Amino acid sequence: MTSVTLSQFRNNQSDYIAAAQREPVEITSRGATRRAVLVSPDLFDRAMAALEDQEDIRAAAEARKDPGPTVSHKELNVELGL
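Residues numbered from 1 in each chain as written. Predicted model: local features only at pLDDT ≥ 70, side-chain atom pairs only at ≥ 80, totals over all residues. Heavy atoms only, no water.

**Student:** Help me understand the pairing of strand β2 (residues 25–29) in this model?
**Tutor:** The side chains of a regular strand alternate, first on one face of the sheet and then on the other. When you tally the buried positions in β2, you get five out of five residues, the bulk of the element. Alternating residues of β2 divide into V25, I27 and S29 and E26 and T28, and every residue in both groups is buried. Sheet analysis places strand β1 (residues 2–5) next to β2, joined by four bridges and oriented parallel. Of the residues in β2, the one forming a bridge with T2 is V25. As judged from the five bridges shared by β2 and strand β3 (residues 33–38), these two strands associate in the antiparallel manner. Bridging across to β3, S29 finds its partner in T33. (Buried < 20%, exposed > 50% of the residue type's maximum accessible area, 1.4 Å probe, protein only. Helix = DSSP H or I, 4+ residues; strand = E, 2+ residues; numbered from the N terminus. Pairing = 2+ DSSP bridges.)

Here it is, written out as structure tokens:
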């Protein structure tokens, strides 16, 4: 990961935006404090999708813990008028 200071980023924004298309660019301030990480839109979209997938997995696992009342196949067919 490329790491630049905030002042370096301000002076060369287009270069660092281009670099972020290849790898994340960490923007620091006051020596070492991480202020932001610049990433490509593709990496951002993939990261968000992965987070959403993890949330779905977590919700499914929670739902399996307490399935609630069950209905037989026959009862479901009757309820649906099949």
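**Student:** Is there a simple way to explain the sheet that holds β2 in this structure?
**Tutor:** One key point about sheets: their strands pair by backbone hydrogen bonds, in either a parallel or an antiparallel sense. Strand order in this open sheet of three strands is β1-β2-β3, and the pairing throughout is mixed. Both edges of this open sheet fall to β1 and β3, since each of them pairs with a single strand only. Ignoring strand direction, the axes of neighbouring strands in this sheet form an average angle of 30 degrees. (Axes fitted to C-alpha atoms, helices over the stretch in contact; angles between N-to-C directions.)

Note that all results are geometric; they support no functional claim without further evidence.
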